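# Inside the fold
Chain by chain, the residues run as shown.
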Amino acid sequence: MQFDYLEPRTIEETVSLLSKFDGEAKVIAGGTDLLNLIRTKIIRPKYVVDIARIPGLDHVKYDDAGTLSIGALATIRALEMSAQVKERHPVIAQAAGQLGSVAIRNVGTVGGNLCHASPAADTAPVLIALGARVKIAGPAGDRTTALENFFAGPGRTVLERGEILAEIQVPATPPDTTGIYFKHAIRGAADLAIVGVAVVANFDGGRCRNLRVALAAVAPTPMRATAAERLLEGREPDHALIEIAARAAADESRPITDIRGSADYRREMVKVFVRAAIKRVLPEENDRDNEIATAIQ
Amino acid sequence: MKRLITLRINGIDEEIYAEPWWPLSRVLRDELNLIGTKEGCEAGHCGACTVLIDGKAVMSCLYLAIKARGKDIATIEGLQGNDGALHPIQKAFIEHFAVQCGYCTPGMIMTAKALLDENPNPTEQEVREGLNGNVCRCTGYTKIVDAILSCGGKPKN
Ligand SMILES: Cc1cc2nc3c(=O)[nH]c(=O)nc-3n(C[C@H](O)[C@H](O)[C@H](O)COP(=O)(O)OP(=O)(O)OC[C@H]3O[C@@H](n4cnc5c(N)ncnc54)[C@H](O)[C@@H]3O)c2cc1C
Ligand code: FES
Ligand code: FES
C-alpha cells in the first residue's frame, strides 16, 4: 500500500481537500476498515485524509432536550462504556459491545462503521430503530438526513463529493422505552453478523407505540422492516400476531447467500430473531414467552 | 515519502523515518527491533500484534504508525520492571502453563493488562469476552483464562 497522508485540522480544510482530490482521496478515521481495503488492494487511494486530529468530533453527549449527539470520531468503545448512554439509550451501548473485539472498538469509530456502509454494520440497526439523523458537512455547508436514508448500497452512502459525516443525533426516547439488539454470528462479537435485529418500542397499556424493527446483513443496506412495524403498531401483541409480524419481516428482507449463510437461512433467522426481539421488549404482563427469547440468545 | 516521526514507546521517545502507510507493528518490529510484538493475520483478527496506546489495547497491525505520534505506546518489552523482574501477569502465565508455542502470548498479555487495569477483578465471563480478539492456536484458552483470573484483585502497576 502507498499513499500520501494528509492531516487537516478543521472540517473546512477536510472538505476542501476532499473536493480537490475527489476520487483519489479517502478519509481515515480509525482505519480498521480502510486499511484492510487498501492492504487487499480493493481500493488504491492516492491520498489518505486523516480526520482524527480535528478537534471536537469525538463527543458523546446529551443536550437539555435529551438528544444524544455522537461525534463521527467517537469510538465504538466510548459508546459502549458511556454511563449516560447506558442509562438513557441502553440498547446503543448493548449493540456497541457486540462489535468486534475491545481492541477494534478502541480504535473503530461510529462514523467509520456507518460510512463503510457494510450491510452488517452493527451500530446501524439500533440507531435506525431509534430514529437517528446524521449531520453531513460539505462544500455547501451542513445538511442532515435520516440515518435510514444514508445508505445507498453495500459500501456506498449518500455522501457526495467533498462531504463527510460529522455527527449522529439520536432523539430522546420516552421513559418506558425498551430495546434489544440481537447479533446472530458464529463467533459472537468477533465475527460479522449473519443476521442483526434491533427492536425498540414503548407501550401504552400493553399496546405497541413507536415500535421499530431494523435489520442488518439481510439486504444491500441496513433496513427497517416497516411491514412488521405496521402490523404491530397500536396493537397488543399476542403469540399469533408476533408470529405474523416476524414472518412479515422475513418476507421483506432481501438477503443474499455468502460465506456466512444462505439467503434462505438468513430469512429464517430474521423470523426467529425478530420474534425473539419483540418478545424481549414486551412489558412484563405481555411477556408470555420470554423463556423462548432467553433460550435463543 | 518517508517522514521523520517521533513515537513514545515504553516511556522513551524514538525518532524513525517511516512511510505514512506503515502499520505500527512494522515500525516496532522492523525499525526498532521490538520483536516481542508479533504479526499474525495483519488484518485485525488474531490479536498477536496487540499493544497499548494510551493504556488501551490496540491491534498494531491495523493502526498507522504515523497516527501514534504524541501518544504513549506500551509493548511487551516494557512490562518488565527496571530490576528485570517479570510483571505479575507474565509470572501468572508461566505459573499456569498458559504458554505453549508463545506466539500469541505477548498479545494475550497486553490485552490482559488493559483488561485488568480497567477491571481489576474480572469474572471468567469478562475475561473470556475480553479475549475474543486474541487467537491462540495451542492452549485451548483455559490456562490463559486461569492465569488472568489469578491476577484478579491484585493491585495494578
Ligand atoms: C477484526 C475486525 C472485526 C470487526 N468486527 C466488526 C463487527 O463485528 N461489526 C461491525 O459492524 N464492524 C466490524 N468491523 C469493522 C470496523 O471495525 C468498524 O466498521 C469500525 O467502526 C470502522 O471504523 P473506523 O473508524 O476504523 O473506520 P475507517 O476504516 O477509518 O473508515 C471506514 C470507511 O468510512 C469512511 N469514513 C470514516 N469516517 C468518515 C467520516 N466521518 N465521514 C466520511 N467518511 C468516513 C472511510 O473513508 C472508509 O471508507 C471489524 C473490523 C475488524 C478489522
Ligand atoms: S496481526 Fe494484528 S490482529 Fe493479527
Ligand atoms: S501458545 Fe501458541 S498460539 Fe497461543
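Bear in mind that the values here come from a model prediction, so they are computed numbers and not experimental data. (Residues numbered from 1 in each chain as written. Chains lettered and ligands numbered in written order. Predicted model: local features only at pLDDT ≥ 70, side-chain atom pairs only at ≥ 80, totals over all residues. Heavy atoms only, no water.)

## What about the overall build of chain A?
Counting secondary structure elements, chain A contains 12 helices and 14 strands. Here chain A has a C-alpha radius of gyration of 19 Å; the compact-globule value for 297 residues is 19 Å, and the two agree. With the principal axes as the frame, chain A shows a C-alpha extent of 60 × 45 × 30 Å. Here chain A holds 297 residues, and 57% of them are scored as buried. Considering only contacts in chain A between residues 6 or more positions apart, those separated by 24 or more positions represent 60%. Here chain A contributes 36 positive and 37 negative side-chain charges, whose respective centroids are spaced 5 Å apart. (Helix = DSSP H or I, 4+ residues; strand = E, 2+ residues; numbered from the N terminus. Rg over C-alpha atoms; globule rule 2.2 N^0.38 Å. Buried < 20%, exposed > 50% of the residue type's maximum accessible area, 1.4 Å probe, protein only. Contact = heavy atoms within 4.5 Å. Lys, Arg positive; Asp, Glu negative; His and termini not counted. Charge placed at Lys NZ, Arg CZ, Asp CG, Glu CD.)

## Points about the interface of chain A and chain B
Each partner contributes residues to the interface: chain A has 27 residues there, and chain B has 20 residues. Counting the surface lost from both chain A and chain B, the interface buries some 2100 Å², and carbon and sulfur atoms represent 56% of this. A per-residue breakdown of the area chain A buries against chain B is headed by F3(A), Y5(A) and R53(A), which together make up 23% of the total. In this assembly, chain A and chain B are joined by 3 salt bridges. With a closest N to O distance of 2.4 Å, R77(A) and E118(B) form a salt bridge. (Buried area = accessible area lost by both parts, 1.4 Å probe. Salt bridge = Lys/Arg side-chain N within 4 Å of Asp/Glu carboxyl O.)

## Things to note about the sheet that holds strand β2 (residues 25-28) of chain A
Residue and element names in this part refer to chain A. One open sheet accounts for 3 strands, arranged β1-β3-β2; its pairing is parallel. Only two strands of the sheet have a single neighbouring strand rather than two, namely β1 (4-6) and β2. Strand-to-strand twist across the sheet, computed as the mean angle between neighbouring axes with direction ignored, equals 25°. Relative to strand β3 (residues 47-50), β1 runs parallel, the two being bridged by 3 bridges. When the sheet's bridge partners are listed, Y5 is paired in β3 with V48. (Pairing = 2+ DSSP bridges. Axes fitted to C-alpha atoms, helices over the stretch in contact; angles between N-to-C directions.)

## A look at helix α11 (residues 263-281) of chain A
For α11(A), spanning 19 residues, the distance from its first C-alpha to its last is 27 Å, which sits close to the expected 27 Å at 1.5 Å a residue. In terms of burial, α11(A) is a largely internal element, 14 of the 19 residues being buried. (Expected span 1.5 Å × (residues − 1).)

## So, the confidence of the model for chain A
In this model, chain A carries a mean pLDDT of 95, and residues with pLDDT of at least 70 account for 96%. pLDDT under 50 marks residues 290-295 of chain A. Its contacts with residues more than four places away, or in other chains, come to 6 contacts. (pLDDT = per-residue confidence, 0-100.)

## A word on the domain arrangement of chain B
All names here are of chain B. Under the domain assignment used here, chain B contains domain 1 (3-78) and domain 2 (88-149). Between the C-alpha centres of domain 1 and domain 2 the distance comes to 21 Å. Listed as interface residues are 16 residues of domain 1 and, on the opposing side, 12 residues of domain 2. Interface area for domain 1 against domain 2, summed over the two sides, is near 1100 Å², with a carbon-plus-sulfur share of 65%. Between domain 1 and domain 2 we count 0 salt bridges in total. For the side of domain 1 that touches domain 2, the residue count by class is 7 nonpolar, 7 polar and 2 charged. (Domains from an automatic or database assignment. Nonpolar A, V, L, I, M, F, W, Y, C, P; charged D, E, K, R; others polar.)

## So, the domain arrangement of chain A
Split into domains, chain A comes out as domain 1 (4-50), domain 2 (60-170) and domain 3 (178-296). Taking only C-alpha atoms, the centre of domain 1 of chain A and the centre of domain 3 of chain A are 36 Å apart.

## Some points on the environment of K71(B)
Residues and elements named next belong to chain B. Locating K71 in the fold gives a position in the loop between β4 (56-59) and β5 (72-74). Taking relative accessible area as the criterion, K71 reaches 27% and is therefore assigned partly exposed. Spatially, the C-alpha atoms of K71 and L7 are 7.3 Å apart, while their sequence positions differ by 64 residues. Ignoring any residue separated from it by four or fewer positions in sequence, one finds K71 in contact with R8, I53, D54 and Y63.

## Quick look at the nonpolar core
Formed by 98 residues in total, the largest nonpolar core has its most connected members in L114(A), L127(A), I168(A) and L7(B). Among the elements that take part in this core, helix α3 (residues 105-118) of chain B stands out by supplying 7 residues, more than any other. The next biggest cluster of nonpolar side chains, apart from the first, holds 34 residues, and it includes M223(A), A245(A), M269(A) and F273(A). (Core = buried A, V, L, I, M, F, W, Y, C linked by side-chain atoms within 4.5 Å.)

## What to know about helix α10 (residues 239-252) of chain A
Side chains three or four residues apart in an α-helix point the same way, a direct result of the helix having 3.6 residues per turn. Residues and elements named next belong to chain A. Spanning 14 residues, α10 covers 20 Å between terminal C-alpha atoms, matching the ideal 20 Å at 1.5 Å per step. Within α10, burial applies to L241, I242, E243, A245, A246, A248, A249, A250 and E252. Packed against the buried residues of α10 are β13 (207-216), β14 (223-224), α9 (226-232) and α11.

## Examining the site of ligand 1
Taken together, 37 residues lie near ligand 1, and V27(A), T32(A), D33(A), L34(A) and T109(A) sit nearest. Each of chains A and B places residues next to ligand 1. A distance of 2.7 Å separates a nitrogen atom of ligand 1 from a polar atom in the side chain of D122(A). Interatomic distance of 2.7 Å between a side-chain N/O atom of K183(A) and an oxygen atom of ligand 1. For ligand 1, whose free accessible area comes to 990 Å², the fraction covered by protein is 94%. Those elements giving two or more residues to the shell around ligand 1 turn out to be β2, α2 (34-39), α7 (110-116) and β10 (164-170) of chain A. By residue number, the principal contributor to the shell around ligand 1 is α7(A), which donates 5 residues. Residue composition of the shell around ligand 1, by class: 19 nonpolar, 13 polar and 5 charged. (Near = heavy atom within 4 Å. Polar contact = N/O pair within 3.5 Å; in protein donor to acceptor, adjacent residues only side chain to side chain. Areas by Shrake-Rupley, 256 points an atom, 1.4 Å probe, with all protein chains shown as cover.)

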